[in-house]
Amino acid sequence: MNEPTPGELVIVTGMTGAGRSTAAKELEDLGYFVVDNLPPTLVRDVVRLVDDSRGVDQPIAVVVDVRSGSFFDSLQANRHQQVTGRPTTLLFLDATNDVLVRRQEAARRPHPLQGGGRLLHGLQRERDVMADIRGDADIQLDTSNFNVHQLQDRITELFGTEATTRLKLTVISFGFKYGIPVDADWVADMRFLPNPHWIPELRPQNGRDPEVSAYVLSQPGAAEFLDQYLPVLGTVAAGYLREGKRFMQVAVGCTGGKHRSVAMTEEIAARIRKAGYDVSTAHRDLGRE
């Protein structure tokens, strides 16, 4: 058996206000195990713990900043000696002083090296501390002209894979009498279809049973709904990806969440899956009656 390929280790650092937190959040969404504000001397320990608990193929991102001070020397030494055994990328985020000042003032937080002086003095001290590690970075990213979404997109371009950048959809059935799922992005109501509950031989079954599914899908309006609803979901899914959203939940309801919603949930998921999306299903209220 082949050994698992070690996952990447991304070290995120850079100037205060340049977007480290945004980059870390995006890496987490891409499947990285993220540790923020980590002293560089502990990087090796974090890698060992993740290797033991999640496997060596789990990608890791650690965020280190100027508060680590002289510990940066150990970070660079560890990188050059390849002590973690993982492919490592050092990402340095920067921006112009004008932009950094504006962002810090908007956040209403003092600079960690500002002390009793001006914000610009703190930024200059930070640049002095960061000079060596900036020059050693694998990727230097100037975020001066980026908004949050543009920075997220750039991080995805740099570190995303086909598997992590695909939209993940969940189609969930539910019963209106138990309430609409609070985390649903889209809600479809199947109560326009005849209810199998009133057919004695179908009542004890549910929408995953072939007889119930065939009955629901053969009703007037079912095929038309599916033919018109699926393109709408495709349009929305494409827009979600453009906006950096990679999770979408579609809720499909009927009265009790047993027959119609379950059958239509399975059919919608099957069609979306056939179109190439990563889809899972859930039946919130099945078995609840």
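Identification of the protein as UPF0042 nucleotide-binding protein from Nocardioides exalbidus is taken from an unreviewed UniProt entry.

**What to know about the environment of Asp153**
Mapped onto the elements, Asp153 comes out in helix α6 (residues 148-159). Separated by 67 residues in the primary sequence, Asp153 and Arg86 place their C-alpha atoms 25 Å from one another.

**Quick notes on the UniProt feature "binding site: ATP" (unreviewed entry) in the protein**
Here the UniProt feature "binding site: ATP" (unreviewed entry) sits at Gly14, Met15, Thr16, Gly17, Ala18, Gly19, Arg20 and Ser21. Assignment of secondary structure puts Gly17 in the loop between β1 (9-14) and α1 (20-29). Residues within four places of Gly17 in sequence aside, it is in contact with Leu100, Arg103 and Gln104. Position of Arg20 relative to the elements: it lies in helix α1. Taking relative accessible area as the criterion, Arg20 reaches 13% and is therefore assigned buried. Non-local contacts of Arg20, meaning those with residues more than four positions away in its chain, are made with Val12, Thr13, Gly14, Met15, Val63, Val64, Asp65, Leu93 and Glu126.

**Overview of the packing of aromatic side chains**
Applying the stated criterion across every chain yields a total of three aromatic pairs. Ring geometry for Phe225 and Tyr229: centres 4.8 Å apart, planes at 20°, overall stacked. With Phe225 and Tyr229 both in helix α9 (residues 222-242), this residue pair falls four residues apart, about one helical turn. Note on accessibility: Phe225 and Tyr229 belong to one class, buried. Taken together through their ring pairs, the aromatic side chains of Phe192, Phe225 and Tyr229 make up a single cluster. One residue, Arg191, lies across the ring of Phe176, its end atom 3.7 Å from the ring centre.

**As for the pattern of salt bridges**
As a working rule, side chains carrying opposite charge can pair if their charged atoms are close by. For the coordinates displayed, the defined rule picks out twelve salt bridges. Here Arg86 makes a salt bridge to Asp51, at a shortest N to O gap of 2.8 Å. One end of the pair, Arg86, is in the loop between α3 (72-81) and β4 (88-94); the other, Asp51, is in helix α2 (residues 43-54), and 35 residues separate them in sequence. With a relative accessible area of 6%, Arg86 lands in the buried category. Residue class for Asp51 comes out partly exposed when judged on its relative accessible area of 21%. Arg191 is the partner of Asp189 in a salt bridge, and the nearest nitrogen-oxygen pair spans 2.9 Å. Residues joined in a network through salt bridges with shared partners are Asp94, Arg127 and Arg134.

**Points about the packing of α9 against helix α10 (residues 260-274)**
Running from amino to carboxyl end, α9 crosses α10 at an angle of 50°, the nearest separation of the two axes being 11 Å. Put simply, α9 runs oblique to α10. You can see that α9 and α10 cross each other, and the crossing is right-handed. Judged by residue contacts, Ala222, Phe225, Leu226, Asp227, Tyr229, Leu230 and Leu233 of α9 engage Met264, Glu267, Ile268, Arg271 and Ile272 from α10.

**Re the sheet that holds β1**
Taken in spatial order, the five strands make up an open sheet running β2-β3-β1-β4-β5, and their pairing is parallel. Each edge of the sheet is formed by a strand with only one pairing partner; in this case those strands are β2 (33-35) and β5 (139-142). Neighbouring strand axes in the sheet, compared pairwise and without regard to direction, differ in orientation by 20° on average. Pairing of β2 with strand β3 (residues 60-63) involves three bridges; the strand directions are parallel. Following the sheet pairing, Phe33 is matched in β3 by Ile60. Of the strands in this sheet, β1, β2 and β3 touch α2, which is tilted by about 150° from β3. The strands touched by α6 within the sheet are β1, β4 and β5, with β5 carrying the most contacts at an inclination of about 165°.

Procedures and definitions
Residues numbered from 1 in each chain as written. Predicted model: local features only at pLDDT ≥ 70, side-chain atom pairs only at ≥ 80, totals over all residues. Heavy atoms only, no water. Helix = DSSP H or I, 4+ residues; strand = E, 2+ residues; numbered from the N terminus. UniProt positions renumbered as here; feature names shortened; annotations may be inferred. Contact = heavy atoms within 4.5 Å. Buried < 20%, exposed > 50% of the residue type's maximum accessible area, 1.4 Å probe, protein only. Phe/Tyr/Trp six-rings, centres within 6.5 Å; stacked < 30°, edge-to-face > 60°. Lys NZ or Arg CZ within 6 Å of the ring centre and 35° of its normal. Salt bridge = Lys/Arg side-chain N within 4 Å of Asp/Glu carboxyl O. Axes fitted to C-alpha atoms, helices over the stretch in contact; angles between N-to-C directions. Parallel < 35°, antiparallel > 145°, perpendicular 65-115°, else oblique. Left-handed = near helix turned anticlockwise from the far one by under 90°. Pairing = 2+ DSSP bridges.

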